[in-house]
Each structure stands twice: as C-alpha cells, then as structure tokens.
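# Chain and residue survey
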There are 2 protein chains.
Amino acid sequence: MFKWAKRLVVGQPLRSERLGETLLPKKLALPVFCSDPLSSNAYATEEILRALSLGGLALLFLTPWIAASVAVLLAVVVASYRQTCHAYPTGGGAYAVSRANLGRNAALVAASALLVDYVLTVAVSVAAGVDAITSAFLTLKPAAVLICLFFVAVLTLVNLRGIKESGTVFAVPTYGFIAVLFLMIGWGLWRTSSGHAPQAESASFGIAPVHSAAGVAVLLLALRAFSQGCTALTGVEAVSNGVPNFKAPKSRNAANTITIMGGITIAMFAGVTALALIAHVRVADDPAQLIGAPAGYEQRTAIAQIAGAVFGYGTAGFLLVQAFTAAILILAANTAFNGFPILASILGHDGYLPKQFARRGDRLVFSNGIVILAALAGLLIWVFDASTSRLIQLYIIGVFVSFTLSQTGMVRHWTTALQVTRDPAGRRRLHRSRLINGVGAALTGVVLVVVLITKFTHGAYLVVIAMPAIFALMKAIERHYRRVGAELEPDPGGMVLPSRIHAVVLVSRLHKPTLRALAYARATRPDTLTALTVAGSPEDVRALQGEWAQRGIPVTLTELEAPYRDITGPVLDYVADLRRRHPRDLVVIYLPEYVVGHWWEHLLHNQSALRLKARLLFQRGVMVTSVPWQLTSSRADERVPQQPTPAAPEPAGVGGRITEQ
Amino acid sequence: MFKWAKRLVVGQPLRSERLGETLLPKKLALPVFCSDPLSSNAYATEEILRALSLGGLALLFLTPWIAASVAVLLAVVVASYRQTCHAYPTGGGAYAVSRANLGRNAALVAASALLVDYVLTVAVSVAAGVDAITSAFLTLKPAAVLICLFFVAVLTLVNLRGIKESGTVFAVPTYGFIAVLFLMIGWGLWRTSSGHAPQAESASFGIAPVHSAAGVAVLLLALRAFSQGCTALTGVEAVSNGVPNFKAPKSRNAANTITIMGGITIAMFAGVTALALIAHVRVADDPAQLIGAPAGYEQRTAIAQIAGAVFGYGTAGFLLVQAFTAAILILAANTAFNGFPILASILGHDGYLPKQFARRGDRLVFSNGIVILAALAGLLIWVFDASTSRLIQLYIIGVFVSFTLSQTGMVRHWTTALQVTRDPAGRRRLHRSRLINGVGAALTGVVLVVVLITKFTHGAYLVVIAMPAIFALMKAIERHYRRVGAELEPDPGGMVLPSRIHAVVLVSRLHKPTLRALAYARATRPDTLTALTVAGSPEDVRALQGEWAQRGIPVTLTELEAPYRDITGPVLDYVADLRRRHPRDLVVIYLPEYVVGHWWEHLLHNQSALRLKARLLFQRGVMVTSVPWQLTSSRADERVPQQPTPAAPEPAGVGGRITEQ
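The name recorded for chain A in an unreviewed UniProt entry is Amino acid/polyamine/organocation transporter, APC superfamily, from Micromonospora pattaloongensis. The UniProt entry for chain A carries this comment under Subcellular location (unreviewed entry): "Membrane".

### Re the overall build of chain A
The number of helices and strands found in chain A is 22 helices and nine strands. Here chain A holds 661 residues, and 48% of them are scored as buried.

### Quick look at helix 11 (residues 302-311) of chain B
The α-helix winds at 3.6 residues per turn, so residues separated by three or four positions along the chain end up facing the same way. Residue and element names in this part refer to chain B. Burial within helix 11 is extensive, with ten of its ten residues counted as buried. All of the buried residues along helix 11 are Ala302, Ile303, Ala304, Gln305, Ile306, Ala307, Gly308, Ala309, Val310 and Phe311. Buried residues in helix 11 make contact with helix 3 (44-53), helix 5 (94-136), helix 7 (168-193), helix 10 (250-278) and helix 12 (316-349). Of the residues flanking the end of helix 11, it is Gly312, one or two places downstream, whose phi is positive at about 95°.

### Let's talk about the sheet that holds strand 4 (residues 501-507) of chain A
What the ten strands build is an open sheet, ordered 6(A)-5(A)-4(A)-7(A)-8(A)-8(B)-7(B)-4(B)-5(B)-6(B); its pairing is mixed. Only two strands of the sheet have a single partner each, and these edge strands are strand 6 (557-560) of chain A together with strand 6 (557-560) of chain B. Averaged over all pairs of adjacent strands, the angle between their axes in this sheet comes to 30°, without regard to strand direction.

### A closer look at the environment of A:His480
Checked against the element boundaries, A:His480 lands in helix 17 (residues 460-488). Sequence spacing of A:His480 and A:Gly351 is 129 residues, and the spatial spacing of their C-alpha atoms is 9.0 Å.

### Here we look at the confidence of the model for chain A
Parts of the model with low pLDDT should not have their predicted coordinates read in detail. Residues and elements named next belong to chain A. This prediction gives chain A a mean pLDDT of 85; 90% of its residues lie at or above 70. Taken element by element, the predicted model of chain A shows its lowest mean pLDDT in strand 9 (residues 657-658) (36) and its highest in helix 12 (residues 302-311) (94). In this model, residues 637-661 is a region of pLDDT below 50 whose contacts with residues beyond four sequence positions or in other chains number 48 contacts. In the predicted assembly, ipTM is 0.73 and pTM is 0.72.

### Observations regarding helix 11 (residues 250-278) of chain A
Taking 1.5 Å per residue, 29 residues should reach 42 Å; helix 11 of chain A reaches 42 Å between its end C-alpha atoms and fits that length. In the segment just after helix 11 of chain A, A:His280 is the residue with positive phi, at about 55°.

### Here's the deal with the domain arrangement of chain A
Each assigned domain of chain A is listed with its residue range as follows: domain 1 (23-481) and domain 2 (501-634). One C-alpha centre belongs to domain 1 of chain A, the other to domain 2 of chain A; they are set 62 Å apart.

### Details of unusual backbone geometry
Backbone torsion omega between A:Ala248 and A:Pro249 reads -5°, so that peptide bond is classified as cis. In this fold, A:Pro249 is placed in the loop between helix 10 (238-241) and helix 11. Not every positive phi belongs to a glycine, and B:Ala386 is a case in point at roughly 60°. Within the secondary structure layout, B:Ala386 lies in the loop between helix 13 (367-383) and helix 14 (388-420).

### A word on the environment of A:Leu452
All names here are of chain A. Structurally, Leu452 is set in helix 16 (residues 424-455). With twelve residues separating them in the primary sequence, Leu452 and Val464 have C-alpha atoms 8.7 Å apart. Residues in contact with Leu452, not counting those within four places in the same chain, are Ile397 and Ala460.

### Examining the pairing of strand 6 of chain B
Residues and elements named next belong to chain B. In this structure, strand 5 (residues 528-534) lies alongside strand 6, joined through four bridges in parallel fashion. Residue Leu532 lies in a different strand from strand 6, and its bridge partner there is Thr558. With respect to chirality, the unit in which strand 5 leads through helix 18 (residues 538-551) into the neighbouring parallel strand 6 is right-handed.

### Re the environment of A:Ala94
Residues and elements named next belong to chain A. Structurally, Ala94 can be placed in helix 5 (residues 94-102). Taking the C-alpha atoms as reference points, Ala94 and Phe403, separated by 309 residues in sequence, lie 7.2 Å from one another. With residues near it in sequence (within four places) discarded, Ala94 still touches Ala110, Leu114, Glu237, Ser402, Leu405 and Ser406.

### Details of the packing of helix 13 (residues 316-349) of chain A against helix 14 (residues 367-383) of chain A
All names here are of chain A. The N-to-C vectors of helix 13 and helix 14 enclose an angle of 125°; their axes lie 8 Å apart at closest approach. In terms of axis orientation, helix 13 runs oblique to helix 14. The handedness of the crossing between helix 13 and helix 14 comes out as right-handed. Only Gly369, Ile370 and Leu373 of helix 14 make contact with helix 13, whose side of the interface consists of Ala336, Phe337, Phe340, Pro341, Ala344 and Ser345.

### Considerations on the packing of helix 2 (residues 26-39) of chain A against helix 11 of chain A
All names here are of chain A. Following both chains from N to C, one finds helix 2 and helix 11 inclined at 50°, their axes separated by 10 Å at the closest point. In terms of axis orientation, helix 2 runs oblique to helix 11. Our pair here, helix 2 against helix 11, has a crossing hand that is right-handed. Side by side, helix 2 and helix 11 meet where Lys26, Ala29, Leu30, Cys34, Pro37 and Leu38 of the first sit next to Asn253, Asn256, Thr257, Ile260, Met261, Ile264 and Thr265 of the second. Grouping the constituent residues of the contact of helix 2 with helix 11 by class yields eight nonpolar, four polar and one charged.

Reading guide: rules and limits
Residues numbered from 1 in each chain as written. Chains lettered and ligands numbered in written order. Predicted model: local features only at pLDDT ≥ 70, side-chain atom pairs only at ≥ 80, totals over all residues. UniProt positions renumbered as here; feature names shortened; annotations may be inferred. Helix = DSSP H or I, 4+ residues; strand = E, 2+ residues; numbered from the N terminus. Buried ≥ 20, exposed ≤ 12 C-beta atoms within 10 Å, placed from the backbone. Contact = placed C-beta atoms within 7 Å. Pairing = 2+ DSSP bridges. Axes fitted to C-alpha atoms, helices over the stretch in contact; angles between N-to-C directions. pLDDT = per-residue confidence, 0-100. Expected span 1.5 Å × (residues − 1). Domains from an automatic or database assignment. Right-handed = clockwise from strand over helix to strand, strands pointing away. Parallel < 35°, antiparallel > 145°, perpendicular 65-115°, else oblique. Left-handed = near helix turned anticlockwise from the far one by under 90°. Nonpolar A, V, L, I, M, F, W, Y, C, P; charged D, E, K, R; others polar.

Written out as structure tokens, the structure reads:
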C-alpha cells in the first residue's frame, strides 16, 4: 500500500548505469548555475531601501552609494571566482577548496556554512517567490505560508523523482526574467528621459524614522543597508562548483559564464535601484511607519511597485515581471535541492554525516538529503511566517563565511604554486591571481565582520549558534566512525574458531514452529542440544512435559523458573552461565518466530521473543537464530517454493525425524 | 533511564507466589464491593430532576413517583442477584453466568457490555467526584477536566503498583459517606418537622421548559427521568462477582451483604430525593433555563445544594458531605480498575482479546488492562468535557444489557436445575428462584428498551455502535487465534529433517564482525559455505576482492549485482534460487550485526541488514542467524565473560583459523 503510493509519486527505481553527466554549453550553463545569483535582484534593492527607511526618508539619499559598493564587491567576488574556475576544473566549492588548502577544520566550517546556506536559500527564495505572487494578487497574502510550503513540497517531490537537468527547463524562466527585467528598466528609463517618470503607488508616503538618523547611527544604518544589499551576491559560487559540467574548455567557459553573470547582475541591480529611486518607491519594515498610506494598505515588493509604476498594475508587462520573478526564485530554491544533498553525500562519504546521506535512493538521487533539506526549510518558513525580510537576516553570514574561507584557500593555493614555479611569466600570473583572491578574501572578510555586527541581534545569532553546533556534530560523528572503524579493524592474528557448539532451542508450547526449530537445530549437528522452556505456571510446565513425553521427542527439556514472570532474565542468566562454564564455545540460541502478514497481527502475538532476542545480542559468544514459521496470512504475495513433499526419499545417515509415535 | 523511572513509580517486581487472596468479613466486604452502587446516590436524584426540568417546573411533581419506581426496580434487582450469589459461589459475573447458561455469543455480548461499562464507571465516577469538589470550591470549575485526568492518572499508578486490598482503606470513605449522608437526611428532616425546612439556594428560581409538557411529551420525559434515575442501580452486580472473597458461609454472607447494600441505597436515595423536593432544589441541563438566577450563577450538584441548605455552605457538615462524596466516587472508579483488567485477562485467556491482557505485569497486576482502561476513560472525560450528565447518557445501556443477560441466564440455570430435581421442596425453592429471576429479567429487559428509546439520540448511540464493534472484534480475534492454532497443531507425521545445510554469510566489508560471522558459520560445519556480497560499485568490489585474497580467507566470495542499489532484492533472489535448486535443504543466512549502546548510534549505522532480515524471514526453509558484534559502547553495563584469551590451546581437528598470512 505504502509501496504503491510511493511508486506513484516517486516513480519506478532507476538502474545505477543511468547515472551520467550531460555537458552543458555556456548558453545552457548560465540558466542552470546562475538562477540563484540572478534571482537575488528580486530582493536586494528592496533590502537596502528597507534598512535605510529605519532612519526615515532622510537617509534614502545614501541608496546609490550603497548600491555602488555592493556592485563593486560583486565585481571583486566574480573576479575571485574566475580564478577558482581555472584552479579547480573538477569543481571548486568552498568545501573542496578549504579542504585542499586550509585543512579539515576549515573545510568543516565551510561545510557548516554551506549547509546552513542551502537551507536558507530554499527558505528565502521560496518566500520571495511567493512574495512576487502575493504582490500581484494581494488577496493571497494571508495564505503565504501555505503557498510556500506547497512549493517546498512540490520541489521535494520533483527532486525525489530526480530531474534530468535538461537545461531548457531552466532557460525559459532565467532568460525570461533577464529579458523582462531589462525591458522594464529600459522602458522606465525611456519614460523618465521623455519627462514621464514612473511614480510608485507609495511615492507620496512619508516614512516615520525608527532610529535617530544622526551621527554614529547613520553609519550603522548605512552599514546595515550595505549588509542587506549584499544578498545580491548569494549564489555566485555555484558556477565554480559546476565546472565539470561545462563543455570544453571547461575552466575557460565557466570563467566566462561567471563574468557574464556578474555583468548581467550588476546591470540589473543598478537599473532596478535607479528605477526605485526615480519612482520614489517607499518600503518599510513595519507598515505602521508609512505616513499617508490608506487604511488597509498592503506593501508590495519593490520590484512589483516598480513594474506597477512602469507598466501599470494588471497589465501584461506587470504580470510577466511578477511571473518570471516568482519562477526564477523557485528555480533558485531548486539549485539548493541539487547542492545540499550532494554536499551531504560527500560529507556522509567522508564520515562527517551519517552514511545514509551518501546512499542514492531508488531514483538515483540522494533522497535523505532532499527530505532533510525540505523539512528544515519548511520549518524556517513556518517559524518566520514566510517573511523574506526576516529570513534574509539569517542568510548572509553563511554566504560570507564560505566566501572568505574559499578566497583564503585560493590565496594559499597560489602561494603553494609560487613555491614550485620558477618561470617568471608564470610567477607573474600567479602573483596577479593571488592579489585578486587576496583582495577578495580581505574584502569578504571585512564584510563578514560588518554583517555579523549589524545583523547579530536581528536573528543572525541563530546562525552563529547553528554553525558551530553543526561543526561540533560533524566532528563528533567523524570521531564515532573513526573509533568504530578502529574497533572493527581485523587483527593480524585472525579470528579463533570456537571449540564446540551448544544449541539451545527456546520452547514455549509444543507446536509446529517449535518442532521446526528443533529439527533445524538438530540438522546443524551441534555438540549439545537443549530444549529450554521458562515456567509460566506449574500446570503449564506439567502439560508441556506430558506432551513432550507423549510425542517422544529425543531432546531433553530443561525448565527455568521465572519467579517474576519475565522470561528474559532467566534465559539470559542461563546463557551467561553456559558461557562461563564453556568460555571457548559458541552458544546458538534458536528462536521459533511467527511471521505474520498484517501489521495488526503483531498485536495479537506476544512479542517477548523479540525483546529477548535484542537482549541476547548483547552477550558475547552467542548467536541468535530466528527460525521463522510463516503463517498463511504472510504468504499472500510470495512465490517461493513450498515445503518439499514429505514423500521424497531421504539420504540415509543425515536425515531423520524428530517426534511422532 | 526509563527502567529506573519505571521502578521509582511502579515499584520493584513481585514474585508470583505473593499472589494470594484475603477473605473478607461482611463488614469489610460491604465497603470493598458496594462503593460503586452506594456512590450512585451522588448523582441519581439529580439526574431525575434534570430530566424533568426539561419540561419546566410543572413536571417536578412526578419526582416521588419516579424515585419510587427506581427503588422498586432496585429491590427486584437486589433480590435477583441474591439468587446469583447462591447459585455461583465461585463468582457470578454477567460473563460467567451468560457463558454457563446462554452460550458463547451471549457471553460475549455481556462481556462487550461490561467492558464498555467499566470504562464509563471510571469516567462517570471521576467526573462526579470532581463535581463534588468543584461544587465546594466553585473557582475550580474551569479546571475540572484537568483535575479528572489527574485522578485517573493517580488511580492508574496506584493500580499499576498493585494494591493489597486491605479493606480498611475502603471502609473509611464508604462508612463515612453513609454516616454523613444519613446525618444530613436526618438533620434535614428534623428541621423540616420543626418548621424550619431547609431551602436550597436555587429554591426561588423558575425553570424555562425546553420541551412542551403536555400529552405524549410528558410520558417521554417521565420515562427519560426514570432511565436517568436508574443510574442508582449501577454496580449492584459487584457483590455477585466477589463471592469467592467472602468468609464462609460465602454465598450466604454475600447474599446478606447485597441485601444490606440494597437497603442502605434505597433509604439513602429516598432520603436525598425527599430533601431535594423539600428544599426545592432546581437543576437544569442548560444553566440558561434557570429563571431568576443571578448573573454568573454556577450550578452546584443537587447533593451540594441540599448539604448547603441543611448545614450552610462552608460549614464542617457541608464540607464533610462533599469530601466523602468525592472520596466514595473515586473509590467507585477504583472498583472498575479491579474489574476491567480481570475481565480482560479472562477474555485474553479465552482468546477473545490479545493474549497480552492475560499476562501479569511486574507487580502481579494486569498492567495492559489498567493502562487501556485509563486511556479510554481519560479520552471520554476529555471528549465530554468532564460533564457527568453527558457521560451518564452513555452509562445505563451497558448496565442493563448485562443485567438482562445475567437474569435470563439465571432463569435458564434454574430451569436446568428443575429438570434434574425430583424432591418437591427443592422444586418449590427452584420455582421460586426462577420466578424472582424471571421478574428481574423481564423488568430489566423492559427498562433496557426504555433506556434505549429515551437516550439513543442523547449520546447512547455511541454505545450502541461500540458494543457490537467490540463484539465483532472479539469474534474476529478468536477466529484468528483458532485459525493460527489449527495451523500450528503438529502433524502426527512429525517434522522432516532437512538433508543438507547451506550456510551463506553476508559480507559488506572485511572487518571483525564479518570475520566473526565467517568463523562461527564455519564452526557449524555446514555442507556448503558461501560468502555473499552485493556489489555497491565496481571499485568497492575490487577492493573487497583484494583484501579477501590478501588475507587468504578460505571461503569463496560470491558477488551479486545490485543494479538498483537495493541489496535486499538480489539477496532474496539468490536465496530463492538456492532453495529452488535444493528444495530439501536448509539455508542458513549469517548476518553480522553491530550492537550499539545508545539509541542515536542507530542513526549512524545503515540498517539495511535489519530490513533484509525481516524480508528473509518470509522465505520458507531459511533460518536467519544474527552474529552480533558488540561495540564498546554496548558493553557499559554487561558483566558477561569477555572473549576467551587467544593464547589458550585449541582442540585439534575441530578448531582452526580463518584468515591471516
């Protein structure tokens, strides 16, 4: 039943050979790897405006300067990652680069940051995508959390089925988003130049300052606005991760793709910010800050307000902007559904996460990672009420931790390379590369500190707690696996064969399963064979003895007292005693077990045998053998050969019969 | 940890020998067996008033007539059960009597009724007891459900510990209740006769009729009031159940106790009803019906209003009435905690309920029955918001079903006895007995119909659904056990010993657990021994083969392909194939298993072996042997002898070493 439902939703299992890689030309690699950084434009500008609005309208004049700083930072990071593409043609994620250059601990810090980041990418992108939808249809606002969870569920199912990344599926929303945004920017700027500058619906509102906008406070607000604007940088490292998927020349194509992406992002970001200023878009963290807003006014996203001002609400242009924004954001969330499970599988393979993460499911995807990612992202969306601006507070720290580590690793990489390079031209190139990555490392490091300071109290402390916790957990898991591995390492001396075998058959009643267990135990020709029963009541024991004698069973029946009615204790004591008397021998316990076909049948049969089995496994020198008896109900869907016909001749000297008269 | 907490709450296990019976003199038997019927006086009168109030004040004149009918019915039932005490000195519960005289199906109907009844006894008695408490302290009313659940939990724990029924514990609340109620009745009547008749706080209220009080409606309301008044009869059969616990002459003492109980109950019921009429107690199903009640008026129970009118609120007399009422009601709930688990254990023993119910727990009590009873009663209290009057609607049906069946059974019993008795004096006695039980059966049968008609739509339909459902469930369980029993019955021909043994050791990696499994499997000297591995990836297989060869392991390694990465399928196919080729042989699968000490360690180790084991047990002619490897963490609290010293000499010809170079 469950199986059938699973097949329907997830699909038939796939053969391992079908795991292959498709090499992507640049024009398909761009949508596949760049949807995440490009989609950041959906919220980056708005986040700057939001932060500055805390100081009232007075601070909005800082917007272009902050946007320019973000653009410069983006350019530096892009330049840095171009280096990574060249240096690590097999994929240069922050984990791989840190591991190669900075050692295990730094790599694990990067991994913790990346794991947190992937979860937040899903949460933020889905929340922002749903913002785009609810900004177009304001009546859907109250259902935002539900819609978010629906999209997370859809992404989970799609990824559990496993998607053949055809590239085309990615191309439409990504190129659509680029096209429609540049169209909006162009049309808006043209209208401005022709004297009909677009005006946002909120252009006339005032904004009540929450913080004083003077002295140090201005600096802090500006830094905070810059931090929030840095969301434009998220996802830049995706290309460097995906170098192996590019067509040859891989590194070169990847580097060029990252440059193109950087150019588009910067242009788009600049355009959107310019239009937001021209159209006087007003957004505030708390709608109550807005002065002059009509009663019941619901804030739309900055992009929606701009599109509304440029094209008019409800027009095809407006709806296309919202539709493509939502689409590219959901697509960006999907990239995390690729990244997280792969990283978790590498960590699982390296022994830092449970090994299950390294196992591919029925459909050749890492199902465990997908499910965990979806659960965590769904939880965050639910806890933060699907609020993009609150989720974003958690987002940047992890991004900049991995940026900084990755760039620092690259500096180390070039330094090492310099030590073995003698050729002057090569050394010059290496020096230049190291300079670029050094600047990148320094800048992203500084931004990391700024982000930490300005966002700590706004929710980022959660990430500051989560990352070390994940780090510690991964270390603990690795220690556990290492300890177990050492424990299981075979000794050069090998294993001593036990001298003799004592078979003990547990008997509760004299029925077919017991007879089968006795027959099977006898067939293994043990050195001693005991039938062991635990006395329920004196009458039960007498009845069993009577039947035993009457059937003439050629095995002695040993009774144990159970003064506390619990059968486990006496059996364990008996076995421990046997082991004490014969420490070099092996004890094999035979447990007759019912096999039932329906879960509810378990409720009707005492499971004391299972409890006993679990406890027996803790004893050394003991093997526990289940002798199954398949009840009719369990055979419904089995095609195995039935019991051999009793008429068949038996080989002499080996066979024999237990029981009868 | 869990074990330690359990010991603290439930206590140390008790030895089976400590199960014994204490014989009770009449003066202790009365409180032990009669707390349930006596405690019904706490709500019976009020229920009559409530039902009549639906027709407004106009119908209250019917109260004495209805109370008188209930008293007559009670007298008849008491007379009937005196007969049962004489006829069934080993205990004459409805199940036993029906089973002996009316066959299995009738007995199962009685059992279903009794099971439902016990649950409702707990729910109603606890709810009514808490009513007594909240009537004394009105501020506790909003917490009624919580207080009820607290008492249910306390009763559960007390009964899980097992109580030595000392009798004295029961005597204080029961005799205290009787004394204080008669004191109240006497004092109230004396005040009335001296011209200072007590007046209830609600005496001045009017009551708005909900139903019209004319024609057929009057009859229906009167019948409904009668049905509700019949709650005074609940628990009468307890004495006939407990005959074996009486001092000799058992039957006679039991019969006299039941008569004394009947006398006290009738007197108390009549007195309380008289005082309720004298003091003009007004109670209504819906407080909104009360006309002239002050704002925020909270209804107290009828008994509380009478006690308040007679003694004055807050006086010692009032508080004693409430305290003893609460105490005897909780005690009455406790009787169900004795009755239900014992009945369930009998049904479990007879195969109508899961056998676990027939098993005594650590403290010699039937723990499973106690827990189930508490859970069901707690659920009812929670669903019905601890409302006594709503719960009572469900209560009476089961009681009268078992009365009717029991009395009918007794008629059958005397008829059978008449067939073998020739002595005229004896026949006369039998005829008289049969007449008494016949009247009882007829009357309770009629009341059952009345109850069904008047209460069906008020919640009783739940019981009408539940009882047949329980009946059908018990029949199904019995059928299942019977079918399994037949399936397990040994054939006279006995069991065929398998000809040869094929040992298959499952290998995932070459570590100590694998070597141990190989050593143990070899020690059993099977006819064939195969090491089986399922290929994860070609590299893994090559690495394993390399190690295998390098260590010179004298067992061939067989590899299976796993195109879908699932190891279960290929292994099952391999085993099925082996069985097909050797249908007369036995296949023994050896599974190396880790034994871990902490639950979280399970998360870190792939459990595919467990899944495989569960599936293998469905194959016939297959035994599954777990070869445990105890990780250090699992040995914390084990005192078993460790691995034998490898230096010890080995017996020649049997031992040997696997592996090494």
